[in-house]
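Structure at a glance
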Amino acid sequence: MKRAFLYLIIIFWGVVVNGQTINLDSIFGPKLSGEIFQKKTGTVGTQYYNDDWAESDIKLSTGELAVNKLLKYNELMDEVIWFQADSSRQIKLEKHFIDEFCFKNYKGKSVRFKRIQAKLPQMTVPTDIFVEVLCEKTASLYVFRNVRINGSSNIVEDGVLYSYDKLVPQPVYILILPDKKTITFNTIRRSVLLKVLPEGYRNTVKEIIQQNYLSVRSENDLIKLVNLIN
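Everything numeric here is computed off the predicted structure, so don't read it as measured data. Per chain, residue numbering runs from 1 following the sequence as it is written. Given that the model is predicted, a residue must reach a pLDDT of at least 70 before its local features are reported, and side-chain atom pairs must reach 80 or more before they are shown or counted; all residues, however, enter totals for whole chains, interfaces and linings. No hydrogens and no water enter the side-chain calculation; it runs on all heavy atoms of the structure.

**What to know about the nonpolar core**
Across soluble globular proteins, nonpolar side chains have a tendency to be buried as a group. Membership of the largest hydrophobic core comes to 30 residues, with the highest contact counts inside it found for Phe-101, Phe-103 and Ile-129. If near-sequence neighbours (up to four positions away) are discounted, Phe-103 is found in contact with Tyr-49, Asn-50, Ala-54, Glu-55, Ser-56, Leu-71, Lys-72, Tyr-73, Lys-109, Ser-110, Val-111 and Phe-113. One finds Val-143, Tyr-201, Leu-214 and Leu-225 within the second-largest nonpolar core, a separate group that totals 25 residues. Grouping buried Ala, Val, Leu, Ile, Met, Phe, Trp, Tyr and Cys residues that are joined through side-chain atoms within 4.5 Å yields what is termed a nonpolar core. Whether a residue is buried, partly exposed or exposed follows from its accessible area with a 1.4 Å probe, protein chains only, as a fraction of its type maximum: under 20%, in between, or over 50%, in that order. Any two residues whose heavy atoms approach within 4.5 Å at even a single point are treated as in contact.

Written as structure tokens, this is what we have:
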């Protein structure tokens with residue numbers, strides 16, 4: 001499969017396609033790289049965190065900042081997709097060049113993602129993934145906005161029966177405790193959290209839940225709880 005790579009240089013931004021360089025953006029900006037994006041087809045359910053392109057900033061591994069880019073986050077592929085307005089190209093940006101990216105106004109708020117290395121239950125080795133930052137204080141809370149193929153759906157279109165892969169959200173919550181121990185869980189529930197917590201933290205978390213009347217059934221409750229862990 002031929003791959004077209006995007007090279008954005010500090011004095012010239014362009015994409016290389018069949019040996020030809022095509023201007024894509026302004027002549028100023030930090031170096032980025034990526035390839036022409038091909039969306040997976042034959043699925044039912046959304047692949048994206050955000051259905052609409054969001055104005056965003058990208059912090060690169062070099063420390064440089066690429067600002068005001070139109071981005072989507074593809075949860076199925078765990079990739080950042082950039083829409084290049086001048087040419088209407090969609091570019092899958094190279095993951096290892098991105099430290100963080102931020103949707104500056106998604107549903108009225110700023111949403112930040114960062115690249116971390118983690119070994120989740122479905123992974124055989126530690127892997128770089130993008131996680132949404134929910135809380136970073138004495139304890140930190142992240143969520144891997146995972147979407148998996150789970151079964152299929154049969155849909156009739158114009159009298160023809162088609163089978164589509166069914167996409168189902170399966171988020172993974174990653175909690176880094178003050179002593180740097182890391183726990184992961186898939187379900188927000190008091191009993192689940194207490195079960196996976198190290199023994200030394202269970203009584204503390206129980207007290208926080210009781211004193212603050214937290215039901216621990218939503219992300220907002222979970223964020224409030226983690227903010228109170230010292």
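**Remarks on the packing of aromatic side chains**
Centre-to-centre distance and the angle between the planes together describe a pair of aromatic rings. Stacked, edge-to-face and tilted are the three classes for Phe, Tyr and Trp ring pairs, Trp counted by its six-membered ring, which pair at centre distances within 6.5 Å; planes under 30 degrees apart are stacked, over 60 edge-to-face, the rest tilted. Taken as a whole, this structure holds 14 aromatic pairs when the rule is applied. Ring centres of Tyr-49 and Tyr-106 lie 5.1 Å apart, and the angle between their planes is 40°; on these two criteria the pair is classed as tilted. On the criterion of sequence distance, the pair formed by Tyr-49 in the loop between strand S5 (43-44) and strand S6 (54-60) and Tyr-106 in strand S10 (residues 98-106) is long-range, its members being 57 residues apart. Neither residue differs from the other here; Tyr-49 and Tyr-106 are each classed as buried. Seen in terms of ring centroids, Tyr-73 and Phe-101 are 6.0 Å apart; in terms of plane orientation they differ by 40°. Their pairing is tilted. Put simply, DSSP H or I for four residues or longer makes a helix, DSSP E for two residues or longer makes a strand, and each gets a number counted from the N terminus.

**Here's the deal with the sheet that holds S5**
At least two DSSP bridges between two strands are required for those strands to pair. Spatially, 3 strands are ordered S5-S15-S14 in an open sheet, and the strand pairing comes out mixed. Edge positions in the sheet fall to S5 and strand S14 (147-157), since each has one partner strand and no second. Examined bridge by bridge, S5 and strand S15 (residues 160-169) share 2 bridges and lie parallel to one another. Opposite Val-44, over in S15, you have Lys-166 as the bridge partner.

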